[in-house]
Amino acid sequence: MRLLWSAAVIAAAASTASAFAPVSNGAALTRSGVAMSAVATADVKAKQDASIEKLKAKDASSAALSKDDLNVVFEDEHIVVVSKPSGVLTVPGKDESNPSLNQAVFDRFGSESGRMDKMVVHRLGMDTSGLVVFARTNAALRGMNSLFRTRKVTRKYEALVCGHVAQDSGSVDLPLMRDYECPPFMRVSTDDHQRALIGLDAEVVGKKMLESPKDSLTTYEVVSREDMDGNDVSRLTLTSISGRTHQLNVHCAAIGHPIVGDTVYGFEGEAAANGGLDESALPEDKASAELQQAIASASAGKPMCVHAKSISFRHPVTKEDLSFESTSSF
């Protein structure tokens, strides 16, 4: 049986699409039932700055990777496909001294442009392992960018999530937005949280914070229901149809099954719990707080259990249909 978990499902309990935010006397309510009002620019900026400093420190901890350490899955004169280990940045970020997969690939293969940043066509988060494609030529860079922009690249991920997911397959169709309460992370977008952005100064908090909600669709299939150190977990194949920032993490949390080892969107993480949704909006098969806590304790200090397992696309230059797979470590 397939399950569609979407804004429409959640909204069914209310008369408008803002069922995420019940209304009393005309005032939108937060998860705790407190009337919401526009947030202060200075408060959001202060939270942003504090989080960015933490993220900078995390980026600096990226594991060093030499050109000889690369796990090369495919190479030709135009593209390179490598399998990235967890704990390594795909790109160095603003601090070019941070170790990165991009640097190792450039050191080994070089690029027609002579610039490592002109090899990057997509990224994986530092804690995510799996397949990454790099362009070696300008033609390949243009072609791969076009393929990703027009959603002609199929990527499937393997993940362990907390609890046993009841349905064998399903879809999660929930729009995403930046979370002003926990910047710079993401959350499920709601009408009340969009309204709270009114009055924020884009010059201070950045334009991304004020972007419109992004339609986001994830499909999943249960590979197996397993036991990890006496705790229920499910192994899923996830397909990110829309490819939004942190989409898989937020969507898994929003259906009550956060990814094992996710210290941001999982149990007592830095981002909003449940992808920003109220506990009452989660499905009946959600992983309990007690189970999530037990799994968090068992997985402490271990890599997050999400892996970019496969990628398929048409070669940007030769037009050959390509498909690659990589085995997860969990």
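Now for a look at the structure at hand. These numbers were taken from a predicted model, which means no experiment stands behind them. (Residues numbered from 1 in each chain as written. Predicted model: local features only at pLDDT ≥ 70, side-chain atom pairs only at ≥ 80, totals over all residues. Heavy atoms only, no water.)

Turning to the overall build of the protein, a few remarks are in order. When helices and strands are counted, the protein shows eight helices and 14 strands. Excluding contacts between residues fewer than 6 apart, the proportion of contacts in the protein whose partners are at least 24 apart in sequence is 70%. Accessible area of the protein: about 15,700 Å², with a carbon and sulfur share of 49%. (Helix = DSSP H or I, 4+ residues; strand = E, 2+ residues; numbered from the N terminus. Contact = heavy atoms within 4.5 Å. Areas by Shrake-Rupley, 256 points an atom, 1.4 Å probe, with all protein chains shown as cover.)

It is worth spelling out helix H2 (residues 41-60) at this point. Given a rise of 1.5 Å per residue, 20 residues ought to cover 28 Å, and the 28 Å separating the end C-alpha atoms of H2 matches this to within 8%. Those residues of H2 that fall on the buried side of the exposure criterion are Thr41, Val44, Gln48 and Ser51. Viewed end-on, H2 has its buried residues packed into an arc of 105°, placing them on one side of the element. Every exposed residue of H2 that faces more than 90 degrees away from the buried side is listed here: Ala42 and Lys54. Considering only its buried residues, H2 is in contact with helix H6 (202-205). (Expected span 1.5 Å × (residues − 1). Buried < 20%, exposed > 50% of the residue type's maximum accessible area, 1.4 Å probe, protein only. Arc of directions from axis to C-beta.)

Let us now look at the pattern of salt bridges. Here the structure, examined in full by the defined rule, presents ten salt bridges. With its nearest N and O atoms 2.5 Å apart, the salt bridge here joins Lys58 to Asp127. Of this pair, Lys58 sits in helix H2 while Asp127 sits in the loop between helix H3 (101-109) and strand E6 (129-135), and the two are 69 residues apart along the sequence. When its relative accessible area of 30% is taken as the criterion, Lys58 is described as partly exposed. Note that Arg115 and Asp117 form a salt bridge whose closest N and O atoms lie 2.6 Å from each other. Judged by relative accessible area, which is 41%, Arg115 ranks as partly exposed. Overall, Asp117 belongs to the partly exposed group, its relative accessible area being 40%. (Salt bridge = Lys/Arg side-chain N within 4 Å of Asp/Glu carboxyl O.)

Grouped together as the largest cluster of nonpolar side chains are 43 residues, with contacts concentrated most on Leu101, Val105, Phe134 and Leu238. Among residues more than four places away in sequence, those in contact with Val105 are Leu70, Val82, Gly110, Met119 and Phe134. Within the second largest apolar cluster, 16 residues are counted, among which are Val133, Val153, Leu322 and Phe324. (Core = buried A, V, L, I, M, F, W, Y, C linked by side-chain atoms within 4.5 Å.)

All right, on to the packing of aromatic side chains then. Summed over the entire model, instances satisfying the criterion amount to three aromatic pairs. With centroids separated by 5.1 Å and ring planes inclined at 40°, the aromatic side chains of Phe74 and Phe324 adopt a geometry described as tilted. Taken as a pair, Phe74 in strand E4 (residues 72-75) and Phe324 in strand E14 (residues 321-325) lie far apart in primary sequence, 250 residues in all. Arranged with centres 6.1 Å apart and planes meeting at 75°, the rings of Phe185 and Tyr265 form a pair that is edge-to-face. Of this pair, Phe185 sits in the loop between strand E9 (176-178) and strand E10 (186-188) while Tyr265 sits in the loop between helix H7 (247-254) and helix H8 (289-298); the two residues are 80 residues apart in sequence, bridging distant segments of the chain. Each member of the pair, Phe185 as well as Tyr265, carries the same accessibility label: buried. (Phe/Tyr/Trp six-rings, centres within 6.5 Å; stacked < 30°, edge-to-face > 60°.)

It is worth stressing that arrangement in space is one thing and function is another; only the former is reported here.
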